[in-house]
Number of protein chains: 2
Amino acid sequence: MSIEITRLVAGQADFDARLDALLAWESVSDKQVNQIVDEVIARVRAEGDAALVEYTNRFDRMRASHMTELEMGQSRLLAALENLPADQRLALETAATRIAAYHERQKSESWRYTEADGTVLGQQVTPMDRVGIYVPGGKAAYPSSVLMNAIPAKVAGVQEIIMVVPTPDGVVNELVLAAAALAGVDRVFTLGGAQAVAALAYGTETVPRVDKIVGPGNIFVATAKRAVFGAVGIDMIAGPSEILIICDGQTDPDWIAMDLFSQAEHDEDAQSILICPDADYIDQVQASIEKLLPTMERETIIRTSLKNRAILIEVADLQAAAALSNRIAPEHLELSVADPEALLPSIRHAGAIFMGRYTAESLGDYCAGPNHVLPTSGTARFSSPLGVYDFQKRSSLIMFSAEGASEMGKVASVLARGESLTAHARSAEYRILPD
Amino acid sequence: MSIEITRLVAGQADFDARLDALLAWESVSDKQVNQIVDEVIARVRAEGDAALVEYTNRFDRMRASHMTELEMGQSRLLAALENLPADQRLALETAATRIAAYHERQKSESWRYTEADGTVLGQQVTPMDRVGIYVPGGKAAYPSSVLMNAIPAKVAGVQEIIMVVPTPDGVVNELVLAAAALAGVDRVFTLGGAQAVAALAYGTETVPRVDKIVGPGNIFVATAKRAVFGAVGIDMIAGPSEILIICDGQTDPDWIAMDLFSQAEHDEDAQSILICPDADYIDQVQASIEKLLPTMERETIIRTSLKNRAILIEVADLQAAAALSNRIAPEHLELSVADPEALLPSIRHAGAIFMGRYTAESLGDYCAGPNHVLPTSGTARFSSPLGVYDFQKRSSLIMFSAEGASEMGKVASVLARGESLTAHARSAEYRILPD
């Protein structure tokens, strides 16, 4: 069964309009979702554990009578780790070690400097006290995501990491628990949905309030995170995953086809884009897609995703490819070209850049070291991969010498009076030394 | 007229409950506000300039017939700067120079490292292309805020800074325009409210779409920012301003009273808190408040703010004061003590820390150098002052050598198969070298 994939030539008459239509994505929380989420949050705030138990029994078909039944102890996590097959355990440990090593480089340090009159200015960097990690249950339960969310928090120095993971019908993912043990998660509650987000944001008798909530989830989770933003920190609200491959036409076309599949297999809304200056090569990749697609375990999902959202784009040259990529600001960008270093300075916006033919995106998804939680849907224009910096915060430091306060008091006084804030002015003027 | 200010003793029976009640703050966008904002955003997206002109004429009582009339050219900004009184110009320039010098230290640089097998990992740091700054019009128009929002973006290397500032009834604030000229703002539109936020987030024929919107505003602006979050980046949604002063009882009580006033004069919801181990000293500060309050220009606002939200708290010692401050996570924290360095390691959460008796908060508000846009309402638990880092973003860099890709391909294959993502696994396996 042949597959139709959108093919465009940059510069053709309707190129911009067709590209924009294919890129368009907006996560819409409809009124009903908003209403349910608002109610769940209000009840968890008002009734605490009792509401958590009731919602979990209802939505996840559990039979808990008390919150204590919805917590998993460290011994349960360790058992999951101990019972892993040796190859999985080794792979998970290798990934965790590399992720930690990379993220260590992201740590910000406090700094200060002293001016001539003795005034000290600086910035104090401290970790958050406690963070919450949302891990989806069911079909999209990814142990790699546990590592990617928990390890940066741990490296930042966060004292307590709380994980929530729903176990619909009581089904537990052993790999997820093993990853939690490995990443140093402190407490695990088998909660999901808006009720889990509300519990982390406001705290209950049993679930402690956290300072920030990270991790992906369905529309109820995303809507709840948006609602509690401000009471706690949140990470970005992620859209469907995307890959953009810039290829010079010299990579094995099977490799490129499979790299496109690796994105498309996530879900029907995932987006795979190839940009190439060589029309014949695009034909070859299409042939590889036709050949390989019937061999894929997740063929149906891949087929739908490619049909609805994939784009094969012919451009004039690699510089035009880079310019187009900047406009799209992709989550994952593969530079499958002979000299990726030469192209790199032209790349302004991308979540992660995979350089050279050997650097398949999937290596970065699991074990290269950098984070796989990346800005989607063009948000790489203004946001960054999840990192240690997401679990640290800064306090400005100001310590004026008597002389410095006197000099700056004069400046502040003029500016404060210009804004009619005379208490500000007088507070500054008290610190002006007599001549 | 004597003033009643809440006075608490830490540890007294009802202390926690009373403190929580006084700290409680939640910005609530009611249904009507949400509905208006949704409609404004939808119309600006659909109709562009025409909707902007119509809303501006209606809400700001203007008579524009075309968007070009709602843009101010560079010459207008420069004229405002040229016409400033000399003392104001010098003060503004001094502040701008110090703000730029401090923020230069916040710049993140790209980094990379090479592993034994030649694999390169790193992080590329780039500025956003274009950002929008919202500046309130009318009574709360602060030139210092223009400097504090624009200069970090400029230091980050943002190519284009767009400012929006409403001019209700055509009233223009010359100091605000002068500050825009000084800070290097590129374009200024006389727009405000949700319509200005929508224009920046989605772009119109005349207003270019930006990557991030920063700056304070009223409930319509805050609601609109929350609504467009995701399409563009936003800064924190700020609550009322707060100060927390830890004093050892040795600072001139008039100074402390005036520092409390400087916060209270912002608006009726602003919060001023004093924590001190010396009950007699708290009496002296209360006496200073009574004495100085009738002399204040903004007495009515200060009186309301102090009556409703101020708290004077007696604690056992300075360590207890620090612990209490961490629980509150104040926006502004004054350590008005003999040895602020000794107390600093105990401070975990605060937007800005003003150390020593000479360091009045108002010096930091204007010209110390650090930013005055700070996390309010306890959000210093998880967020930071506005800074250069808010206008930079990061891209992960991964470049595997053939050997590195082969080794890591084996690890990724195991993990991907553990997650049933076989396209990921096969993509990685293609890069495994034959033995």
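What you see is a predicted model; the values in this text were computed from it and never measured.

*Asks:* Tell me what's going on with the overall build of chain A, and back it up with residues and numbers.
*Replies:* Along its length, chain A carries 17 helices and 15 strands. Summarising its shape, the C-alpha atoms of chain A cover approximately 85 × 60 × 45 Å along the three principal directions. Put simply, chain A has 435 residues, and 61% of those count as buried. Contacts in chain A between residues far apart in sequence, at least 24 positions, make up 74% of those at least 6 positions apart.

*Asks:* Requested: an account of the sheet that holds strand 7 (residues 187-189) of chain A, with residues and values cited.
*Replies:* The strands that make up a sheet are held in pairs by hydrogen bonds between backbone atoms, and each pair lies either parallel or antiparallel. Residue and element names in this part refer to chain A. Spatial strand order, 2-7-6-5-8-9: six strands in an open sheet with mixed pairing. Edge positions in the sheet fall to strand 2 (71-72) and strand 9 (233-234), since each has one partner strand and no second. Relative to strand 8 (residues 212-214), strand 5 (residues 130-134) runs parallel, the two being bridged by three bridges. Paired with Ile 133 across the bridge in strand 8 is Val 214. In the packing of helix 8 (residues 193-202) onto the sheet, the strands contacted are strand 5, strand 6 (160-164) and strand 8, and the crossing angle to strand 5 comes to about 175°.

*Asks:* Help me get a handle on the interface of chain B and chain A, residues and values and all.
*Replies:* Taken residue by residue, the interface counts 118 residues in chain B and 118 residues in chain A. Taken together, the two surfaces of chain B and chain A that pack against each other cover about 10,900 Å², and 57% of this comes from carbon and sulfur. Linking chain B with chain A are ten salt bridges. Ionic pairing is found between Glu115(A) and Arg98(B), a salt bridge with its closest N-O pair at 2.9 Å. At the junction of chain B with chain A, the criterion picks out 71 residue pairs in polar contact (both at pLDDT 80 or more).

*Asks:* Can you explain the packing of aromatic side chains? Please cite residues and give values.
*Replies:* According to the stated counting rule, one finds eleven aromatic pairs over all chains in the structure shown. Taking the centre distance of 5.2 Å and the plane angle of 45° together, the rings of Tyr102(A) and Trp111(B) count as tilted. Taken together, the residues Tyr102(A) in helix 5 (residues 86-104) and Trp111(B) in strand 3 (residues 111-114) connect one chain to another. Its relative accessible area of 0% is what places Tyr102(A) among the buried residues. Ring centres of Phe229(A) and Phe229(B) lie 5.6 Å apart, and the angle between their planes is 20°; on these two criteria the pair is classed as stacked. A residue pair is termed interchain when its members come from two chains, as with Phe229(A) in the loop between helix 9 (219-228) and strand 9 and Phe229(B) in the loop between helix 9 (219-228) and strand 9 (233-234). In textbook terms, an aromatic cluster arises when at least three aromatic residues are bridged by ring pairs, as seen for Tyr102(A), Trp111(B) and Tyr113(B). Sitting above the plane of the Tyr113(A) ring, Arg105(B) keeps its charged end 3.6 Å from the centroid.

*Asks:* Talk me through the domain arrangement of chain A; I want residue IDs and the actual numbers.
*Replies:* Interfaces are frequently sized by the accessible area removed from exposure as the parts join. Domain boundaries assigned for chain A yield domain 1 (6-25 + 240-368), domain 2 (31-80 + 125-234) and domain 3 (400-429). Each of domain 2 of chain A and domain 3 of chain A has a C-alpha centre, and the two are 47 Å apart.

*Asks:* Quick one: what's the story with the relation of the copies chain B and chain A, residue by residue and with numbers?
*Replies:* If you rotate chain B by 180° and push it 0.0 Å along the axis, it lands on chain A with an RMSD of 0.0 Å. Given the turn and translation reported, the copies of this chain are related as if by a two-fold rotation axis. Looking at the rotation axis and the C-alpha trace of chain B, the residue lying nearest is Arg226(B), at 4.2 Å. When you check the interface residues of chain B against chain A, 100% turn up at the interface there too, and the contact is symmetric in its surfaces.

*Asks:* Lay out the pairing of strand 11 (residues 271-276) of chain B with the relevant residues and their values.
*Replies:* Residues and elements named next belong to chain B. Burial analysis of strand 11 places six of its six residues in the buried class, the great majority of the element. The pairing of strand 10 (residues 242-247) with strand 11 spans five bridges and is parallel. Bridge assignment links Leu 244 to a residue of strand 11, and that residue is Ile 273. You can see the chain leave strand 10, run along helix 10 (residues 253-264) and come back into strand 11, and the turn it takes is right-handed.

Thresholds applied
Starting from 1, residues in each chain are numbered consecutively following that chain's sequence as written. Chains and ligands are labelled by the order in which they are written, letters from A for the one and numbers from 1 for the other. Side-chain atom pairs in this predicted model are given and counted only at pLDDT of 80 or more, local residue features only at pLDDT of at least 70, and totals for whole chains, interfaces and linings cover all residues. The side-chain values count all of the structure's non-hydrogen atoms but skip hydrogen atoms and water molecules. Numbering of helices and strands starts at the N terminus; helices are DSSP runs of H or I of at least 4 residues and strands are runs of E of at least 2. Working definition: with a 1.4 Å probe on protein chains only, accessible area under 20% of the residue-type maximum means buried, over 50% means exposed, and in between means partly exposed. Residues count as neighbours in contact if any of their non-hydrogen atoms are within 4.5 Å of one another. For two strands to be treated as a pair, DSSP must find at least two bridges joining them. What counts as an axis is a line fitted to C-alpha atoms, over the stretch in contact for a helix, and the angles between N-to-C directions run from 0 to 180 degrees. Accessible area that two parts lose when put together, with a 1.4 Å probe and added across both, is what the buried area reports. Salt bridges, as used here, are contacts in which a Lys or Arg side-chain nitrogen is within 4 Å of a carboxyl oxygen on Asp or Glu. Whenever two N or O atoms come within 3.5 Å, that pair is a polar contact, provided that in protein one can donate a hydrogen and the other can accept it, and provided that, for residues adjacent in sequence, both atoms are side-chain atoms. Any Phe, Tyr or Trp ring, taking Trp's six-membered ring, that has another such ring centre within 6.5 Å forms a pair; planes under 30 degrees apart are called stacked, those over 60 apart edge-to-face, and the others tilted. The criterion for a charge sitting over a ring is simple: Lys NZ or Arg CZ within 6 Å of the ring centre, and within 35 degrees of the ring normal. Domain ranges listed in this record stem from an automatic or a database domain assignment. Copies overlap after least-squares fitting; the atoms used are the C-alpha atoms of residues with pLDDT of at least 70 in both. For the handedness criterion, the strands are oriented away from the viewer, and a crossover whose path from the first strand over the helix to the second runs clockwise is classed as right-handed.

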